[in-house]
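Chain by chain, the residues:
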Amino acid sequence: MIRSFSKTTSVLMSGALVASMLPFSLFQAVAENTDVVSNTNNNVVNSKIPTLADDAVLNWATKVGEGYDSNAIGTPIIVGDSLIFCSGTRLYKMDKYNGTVQAYSEMAGRSSYNIVPPTYADNKIFVGLANGAVQAFDAQTLKSLWIYKDQLSGQPNSPIVYSNGCVYTGFWNNEDAEANYVCISAKDEDAENDLEEKQSIWQYTHKGGFYWAGAYACSDYLLVGTDDGQNGSSSKTSCLLSLNPTNGKVIDKIEGLNGDIRSSVSYDNQTDRYYFTSKGGSFYSAAVNSNGTFKKNADSYDIKEIKLENGTDSTAMSTAAPVVHNGRAYIGVSGSSQFTEYSGHNITVIDLDSFKIAYRVPTKGYPQATGLLTTAYEDKDGYSYVYFVDNYTPGKVRFIKDKKGVTSVVDGVTESCNNGGKITKVENCAQVLFTPVEAQANYALATPVADTDGTLYMKNDSAYMMSIGSKIDSLEVTAQPEKALYCTGDNFAPKGITVIAKFKNGTQRDVTKYITYPDYQLTEDYLDVTLTYDIQRYGDKLDKNNGNEIGIVAEPVEVNVDVTVLSKTDYDAVESVVSAIDNIGTVTLESKTLIDTARNSYNSLDDSLKQYVSNYEALLSAEEEFKKLTPTTPTESSEPSEPTVPSEPTVPTDPTEPSEPTVVPTTPTAPSEPTVPTAPTNAPASPATAVQDTTQNATSNNAAASSTQANDTNQTGKVATGAAAPTAVLLAVMATALATAFVLRRAKPLNR
């Protein structure tokens, strides 16, 4: 169930909480998939709206429409990152960050004065049109779905309220003419017909009709105020209706109220009461039973009234729905003359516990539209900040700070009033946050809407849509661009970059798509380039004693990004290496040539340029991967070989001589080394080969011993003479035999 509260549209979608008011006062709480946003939405948000003129700035201003009548621009609502509003015969969707029109759709007609914003619910946009019409559009495509045309016609000056699959709204024809309040099914019954004509589920007819009368709707009852049906605005003939939301029958009504009720009905769950104002100058509070009947005290209704004040004897009229929060109510009140500056116009603060006016704060113009309250700073200083707009040129945006117990304005300012050429000072005025200047300056019959970043969006009679937000404190590049190396003559390439704006109110946001990049050609002397956020335009500077300085131009906000610019020769050399490394691709056994080419290319690059090879790590990885794919090649032996065993030393022939092996040649021309041959250390012989070679040498040595006598001459020049020769030969044979046995013993385990 969606519960709708007075003259505000409050939307929660894609992270954007929208408080969107009617120029006068409508509260409506809706959300994506028609979930309940809140049952206490009295235009209260938790956004960090700026609280000091020096910190606020006009981000952008876009003109759509003309004047204040049928071609006027309407108050927006926020859906996702877009503003939705009407102007002339079109429904617009606008980028809320830079004010560019994203899309529009033709409507079946115009709004009379565009003083009521669209309503968003059930993924639809509902718009009031002249001659008693309501048109529905798809919220995503802006395609028309259906249209309702009322039999009694009338201006569509009442907010459209959504509840339980239905929309409710009223029309106005004249002070004393009849007009209807109606209930229409929101469903698109004929999807093939863009202009399907809907019939109302029910209608309630009242003399004087319904003007800025926003309903509170729930499943059990609907509360709405009426005009008084008389010329003027102070006849005690208006009433508060409680209607059955299903069939429109009157459940109960309170009659005899003071003047036209041109205010939405807002609900406060802390007090469990309903609040509204009247053009006759009254602030009301009523209590309602769960069945929709009004509570009574003895024989009278439980309804309370406060007569509003403006410091004169004239009627202190109010058409603003009360903003109710933490035991306080905030409303805009007219002075003695609606369009005379400083004639008693004020923001009135009402203490609900005592049900008395706590204090009044002077304003230049009549704050005719409903206020907007933020609770974002209550944890810091306990104060709520409430924002109103003067309906007097230039349309200043003001605020007060308040909390329970406060009895006079906090941080009031002094302003100058030009009264027929005579300048007087007006003290304790509400501070001004922002002042439109030049083309944007005009009367303002609208309430700002706020997003979660604390940015306000509003229109005035200049037909400009405006964005007023927190100044940027700094920009930060949180993701560098993909390209950092440039050739002289190149332009900066921002692809891959992310730029975050940090605002003075403590919020931050990605502004990459709104950054301006340099369009000049880079040269070798550039070490960085400057990026600019240049959407913000102008703002005020606080002056508490003389009124703000206005129209102060905002300086662009900049941030630098490092770049390296090389000569064409150096750039081409680096890019050649980068390309060679990129060519390696997936590493396989066939990648050796590509890897070697890349390595040689890198090694031949000048050392001063190697730091710019952005993918060098890829080359290192490729080399490592290739090494894993090509392990050391194993030996031919099917089994691992034992290390070669060193041969035994030859027994010396003479104890006094060095122990060199004795050589006995088999023939005069052949070498006679009797030592055991050893395999090379880098290619050890197999055990079988070692045994065969050793046996052959032993046989040869034995033959030499039997055929050779003393006095043989050694090739080395040593001579074996007399009886020593046979002994030496015998020792050599024994040594050979021992070595052979040793080799056989060592080789045996390998044959297991």
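For the structure, see preceding data.
Being a predicted model, the structure only gives us computed values, none of them experimental. (Residues numbered from 1 in each chain as written. Predicted model: local features only at pLDDT ≥ 70, side-chain atom pairs only at ≥ 80, totals over all residues. Heavy atoms only, no water.)

A.B. asks: Hey, could you run me through the packing of helix α3 (residues 592–604) against helix α4 (residues 616–629) in this one?
C.D. replies: Here α3 crosses α4 at 140°, and the two axes come no closer than 10 Å. With respect to each other, α3 and α4 are oriented oblique. In the crossing of α3 with α4, the sense of the turn from one axis to the other is left-handed. Judged by residue contacts, K592, I595, A598, R599 and Y602 of α3 engage Y616, L619, L620, A622, E623 and F626 from α4. In terms of residue class, the contact of α3 with α4 is made up of eight nonpolar, no polar and three charged. (Axes fitted to C-alpha atoms, helices over the stretch in contact; angles between N-to-C directions. Helix = DSSP H or I, 4+ residues; strand = E, 2+ residues; numbered from the N terminus. Parallel < 35°, antiparallel > 145°, perpendicular 65-115°, else oblique. Left-handed = near helix turned anticlockwise from the far one by under 90°. Contact = heavy atoms within 4.5 Å. Nonpolar A, V, L, I, M, F, W, Y, C, P; charged D, E, K, R; others polar.)

A.B. asks: Would you mind showing me how to read the environment of A287 here?
C.D. replies: Inspection of the secondary structure assignment puts A287 in the loop between β25 (282–286) and β26 (296–297). A sequence separation of 20 residues divides A287 from Y267, and the C-alpha atoms of the two residues are 9.9 Å apart. Sequence-distant contacts of A287, that is, excluding residues within four places in its chain, are made with R273, F294, K295 and D302.

A.B. asks: Whenever I open this one, the pattern of salt bridges confuses me. Can you help?
C.D. replies: Where side chains of opposite charge bring their charged atoms close, a pairing between them can arise. All told, the structure shown has 27 salt bridges when counted by the stated rule. The salt bridge involving E255 is made with K253; its shortest N-O contact spans 3.5 Å. Classification of K253 as partly exposed rests on a relative accessible area of 31%. D402 is paired through a salt bridge with R328; the nearest N and O atoms lie 3.0 Å apart. Placement of D402 in strand β35 (residues 397–402) and of R328 in strand β30 (residues 328–333) is noted, with a sequence separation of 74 residues between them. The residues D402 and R328 share a single accessibility class, namely buried. A single salt-bridge network, built from bridges that share partners, covers E175, D227, D260 and R262. (Salt bridge = Lys/Arg side-chain N within 4 Å of Asp/Glu carboxyl O. Buried < 20%, exposed > 50% of the residue type's maximum accessible area, 1.4 Å probe, protein only.)

A.B. asks: What's the story with the sheet that holds strand β12 (residues 133–138) in this structure? I'm lost.
C.D. replies: Within a sheet, each strand pairs with its neighbour through backbone hydrogen bonds, oriented either parallel or antiparallel. Pairing within the open sheet is mixed, and its five strands lie in the order β10-β11-β12-β13-β17. The open sheet has two edge strands, β10 (119–121) and β17 (196–198), and neither has a second partner. Within this sheet the neighbouring strands show an average axis-to-axis angle of 25°, counted without direction. (Pairing = 2+ DSSP bridges.)

A.B. asks: So what exactly am I meant to see when it comes to the side chain of N505 here?
C.D. replies: Topologically, N505 is positioned in the loop between β44 (498–503) and β45 (508–510). What makes N505 buried here is its relative accessible area of 11%. Among the polar contacts listed, one links the side chain of N505 to the backbone oxygen of D453, at a separation of 3.0 Å. Contacts of N505, omitting those with residues within four sequence positions, involve K48, Y377, D453, G454 and S470. (Polar contact = N/O pair within 3.5 Å; in protein donor to acceptor, adjacent residues only side chain to side chain.)

A.B. asks: Just checking my understanding: could you explain helix α2 (residues 568–584) for this structure?
C.D. replies: Here α2 contains 17 residues, and its C-alpha end-to-end distance of 25 Å stays within 8% of the 24 Å for a straight helix at 1.5 Å per residue. Listed as buried for α2 are Y571, V574, V577, V578, A580, I581 and I584. At its buried positions, α2 is contacted by β43 (485–487), β50 (564–566), α3 and α4. Positive phi appears at G585, one or two residues downstream of α2, with a value of about 65°. (Expected span 1.5 Å × (residues − 1).)

A.B. asks: How should the packing of aromatic side chains be read in this particular structure?
C.D. replies: How two aromatic rings sit relative to each other is given by the distance of their centres and the angle of their planes. For the structure on display, the rule yields 28 aromatic pairs. On the basis of an interplanar angle of 45° and a centroid distance of 5.9 Å, the ring pair of Y92 and Y104 is categorised as tilted. Taken together, the residues span a long stretch of sequence, with Y92 in strand β8 (residues 90–95) and Y104 in strand β9 (residues 101–106) at a distance of twelve residues. For Y92, a relative accessible area of 11% corresponds to the buried category. Classification of Y104 by relative accessible area gives partly exposed; the value is 43%. Members of the aromatic cluster, joined through ring pairs, are Y216, Y221, Y267 and Y274. Lying over the aromatic face of Y486, K483 brings its terminal NZ or CZ to 5.1 Å of the ring centre. (Phe/Tyr/Trp six-rings, centres within 6.5 Å; stacked < 30°, edge-to-face > 60°. Lys NZ or Arg CZ within 6 Å of the ring centre and 35° of its normal.)

A.B. asks: How should the nonpolar core be read in this particular structure?
C.D. replies: A general trend in soluble globular proteins is that nonpolar side chains are found buried together. One finds Y330, V397, I400 and L456 to be the most contacted residues of the largest nonpolar core, which totals 39 residues. The element that contributes the greatest number of residues to this core is strand β34 (residues 384–389), accounting for five residues. If sequence neighbours within four positions are ignored, V397 has contacts with F388, V389, Q431, V432, L433, F434, L456, M458 and I468. Grouped together as the second largest cluster of nonpolar side chains are 35 residues, M94, Y457, V511 and L531 included. (Core = buried A, V, L, I, M, F, W, Y, C linked by side-chain atoms within 4.5 Å.)

A.B. asks: Before we go on, may I ask you to explain the sheet that holds strand β14 (residues 161–163) in this structure?
C.D. replies: Overall, antiparallel pairing links the four strands, which are arranged β14-β15-β16-β18 in an open sheet. This sheet does not close on itself; its edge strands, each paired only once, are β14 and β18 (202–207). Direction aside, the axes of adjacent strands within the sheet are offset by 20° on average. By the bridge criterion, five bridges tie strand β15 (residues 166–170) to strand β16 (residues 178–185) in an arrangement that is antiparallel. When the sheet's bridge partners are listed, Y168 is paired in β16 with C183.

A.B. asks: Please clarify how α4 should be interpreted in this entry.
C.D. replies: Think of an α-helix as 3.6 residues a turn; residues three or four steps apart then line up on the same face. Here α4 is 14 residues long and its end C-alpha atoms lie 20 Å apart, about the 20 Å a rise of 1.5 Å per residue gives. Buried within α4 are the following residues: L619, A622 and F626. Looking down the long axis of α4, one finds its buried residues gathered within 60° of arc, a one-sided arrangement. Pointing more than 90 degrees away from the buried face of α4 are the exposed residues E617, K627 and K628. Buried residues along α4 sit in contact with α2 and α3. (Arc of directions from axis to C-beta.)

A.B. asks: So what exactly am I meant to see when it comes to unusual backbone geometry here?
C.D. replies: The phi angle of most residues is negative, glycine excepted, and most peptide bonds adopt the trans form. Of note, the amide linkage connecting T393 to P394 takes the cis form, showing an omega dihedral of 15°. As for its position among the elements, P394 is in the loop between β34 and β35. Positive phi values are uncommon outside glycine, yet W212 reaches one of about 55°.

A.B. asks: I keep staring at a negative patch on the surface and nothing clicks. Help me out?
C.D. replies: On the surface, E524, D525, D570 and D606 cluster together to form a negatively charged patch. One can find D606 in the loop between α3 and α4. Overall, D606 belongs to the partly exposed group, its relative accessible area being 46%. (Patch = residues over 30% accessible without salt bridge, like charges linked within 9 Å, V, L, I, M, F, W, Y side chains within 5 Å. Areas by Shrake-Rupley, 256 points an atom, 1.4 Å probe, with all protein chains shown as cover. Lys, Arg positive; Asp, Glu negative; His and termini not counted. Charge placed at Lys NZ, Arg CZ, Asp CG, Glu CD.)

A.B. asks: Before we go on, may I ask you to explain the pairing of β12 in this structure?
C.D. replies: Among the six residues in β12, six count as buried, and that is most of the element. Of the strand pairs in this sheet, strand β11 (residues 124–129) and β12 are connected by six bridges, and their pairing is antiparallel. Paired with V127 across the two strands is Q135, which belongs to β12. Joining the antiparallel neighbours β11 and β12 is a turn of three residues, in which N131 adopts a positive phi near 65°. With five bridges joining them, β12 and strand β13 (residues 144–149) adopt antiparallel strand pairing. Bridged to F137 within β13 is S144. Counting the residues in the hairpin turn of β12 and β13 gives five residues, including L142, whose phi is positive at 65°.

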